[in-house]
Amino acid sequence: MAETDISAAQVKELREATGAGMMECKKALVEANADMDKAIDVLRTRGLAAAAKKAGRATDEGRIGAFVSDSDPRIGSVIEVDCETDFVAINEKFTAYTDTFARAVADNDPADIDALKASSVDGKTVEEILTDAIHVIGENIQIARFARLQIDGTGALVPYIHMDGKIGVLVGFTFNNEATATDDAFLTMGKDVAMQIAATNPVSLDQSSVPEDVVAHEKDIYKAQAAESGKPEEIQEKMATGRMKKFYKENCLVEQDFVKDTSKSVESYVAEAAKAIGDDIKIATFVRMALGEE
């Protein structure tokens, strides 16, 4: 593919995703036949880009809602509801509709959006409430996606909404004492961890839960980077291993530096809070949604 086949918009998108220079981006796109993900890998191999999280860019306005059941703190949901304008996205009525849809997800455990629309909440189907929302607000409103979490055993979920609904997080904890679910110190700690997730967008909870394809992809990148150094193979292997350890530390929630106190990890912060509360508390799961992601 020739450089003339690469559009300015493609170069701009790659620059925004990687921070690399314009010419480097154009060359990478040529080499990758205009495949954006492959071009990112080309730049990373050359040391010109950091690991780019392949989340889609926002194309619509809307809101992320998060809900935890009043009757069972182990059950909750996160949902994305899209609209046409940012003015509506922060409207109290739109927020209330979003919260209702999130509650329907938690209560009904639907398999997909069609099942959610057919389910009932407050004596009406979600489809009927959605139609009502469109008429009341005067914009096209769509439910884009959702996720439902349920903790097994004793535990609780903690929700967090960031940036006027642009990001939503639900993080789940397990512990031994049911009273911990309503303990103020636990709720403060839970919100801190949820804020961490919102800010850092971890790939997984820990090393064991990083998807195999992600691990393989990162290893290939680091081995290619090491090979570019021209150093002996045994040194290349050590370089790749070291970079993989750094990847885990930056992208696995429990290993990340705690943003409010970088002298400790998230795991150690939770352990300190658990000791003060008098319970054995562990992070069990989490989900993070950002508006417009694919």
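Read on for a plain summary of the structure. Every value quoted in this text rests on a predicted model; they were computed, and no experiment measured them.

## Observations regarding the packing of aromatic side chains
Centre distance and the angle of the planes are the two values used to describe a pair of aromatic rings.
Step number 1: What the rule picks out here adds up to five aromatic pairs.
Step number 2: Geometrically, the ring pair formed by F173 and F186 is edge-to-face, given 5.3 Å between the ring centres and 80° between the ring planes. Of this pair, F173 sits in strand 7 (residues 167-174) while F186 sits in helix 8 (residues 184-200); the two residues are 13 residues apart in sequence, bridging distant segments of the chain. An identical accessibility class is assigned to F173 and F186; each is buried.
Step number 3: Each ring, one from F175 and one from F186, has its centre 5.3 Å from the other, and the planes form 75°; the classification is edge-to-face. Here the residue F175 occupies a position in the loop between strand 7 and helix 8, and F186 occupies one in helix 8, the gap between them amounting to 11 residues. F186 carries the same exposure label as F175, and that label is buried.
Step number 4: Joined through ring pairs, the aromatic side chains of F173, F175 and F186 make up one cluster.

## As for helix 1 (residues 8-18)
Because each turn of an α-helix spans 3.6 residues, side chains separated by three or four positions end up pointing in the same direction.
Step number 1: When we look at burial in helix 1, the residues that qualify are V11, L14 and T18. Buried positions in helix 1, seen along its axis, are confined to an arc of 65° and lie on one side of it. Exposed residues pointing more than 90 degrees away from the buried face of helix 1 are listed as A8 and A9.
Step number 2: Buried residues belonging to helix 1 abut helix 2 (22-31) and helix 3 (36-45).
Step number 3: Trailing helix 1 by a residue or two, G19 shows a phi angle of about 80°, which is positive.

## Topic: the sheet that holds strand 10 (residues 282-290)
Step number 1: Ordered by their spatial adjacency, three strands build an open sheet running 6-7-10, and the pairing between neighbours is antiparallel. Each edge of the sheet is formed by a strand with only one pairing partner; in this case those strands are strand 6 (155-162) and strand 10. Adjacent strand axes in the sheet meet at a mean angle of 15° when their direction is disregarded.
Step number 2: Its contacts with the sheet place helix 8 against strand 6, strand 7 and strand 10, and it is angled at close to 130° to strand 7.

## Structural notes on the side chain of Q196
Step number 1: Structurally, Q196 is set in helix 8.
Step number 2: The exposure class assigned to Q196 is buried, which follows from its relative accessible area of 0%.
Step number 3: Q196 has contacts with N201, L253, Q256, D257, F258, V259 and V266, leaving out every residue within four places of it along the chain.

## Looking at the sheet that holds strand 5 (residues 142-150)
As a general point, the strands of a sheet are linked pairwise by backbone hydrogen bonds and lie either parallel or antiparallel.
Step number 1: Overall, antiparallel pairing links the three strands, which are arranged 1-2-5 in an open sheet. Whereas interior strands pair on both sides, the edge strands pair on one side only; in this sheet they are strand 1 (61-68) and strand 5. Averaged over all pairs of adjacent strands, the angle between strand axes in this sheet comes to 10°, irrespective of strand direction.
Step number 2: Across eight bridges, strand 1 lies against strand 2 (residues 75-83) in antiparallel orientation.

## Concerning unusual backbone geometry
Step number 1: Look at M163: it is not a glycine, yet its phi comes out positive at around 55°.
Step number 2: Along the chain, the position of M163 falls in the loop between strand 6 and strand 7.
Step number 3: In this model, N201 sits at a positive phi of 50°, which is unusual for a non-glycine residue.

Rules used in this analysis
Residues numbered from 1 in each chain as written. Predicted model: local features only at pLDDT ≥ 70, side-chain atom pairs only at ≥ 80, totals over all residues. Heavy atoms only, no water. Phe/Tyr/Trp six-rings, centres within 6.5 Å; stacked < 30°, edge-to-face > 60°. Helix = DSSP H or I, 4+ residues; strand = E, 2+ residues; numbered from the N terminus. Buried < 20%, exposed > 50% of the residue type's maximum accessible area, 1.4 Å probe, protein only. Arc of directions from axis to C-beta. Contact = heavy atoms within 4.5 Å. Pairing = 2+ DSSP bridges. Axes fitted to C-alpha atoms, helices over the stretch in contact; angles between N-to-C directions.

Keep in mind that these numbers describe shape and distance, not what the molecule does.
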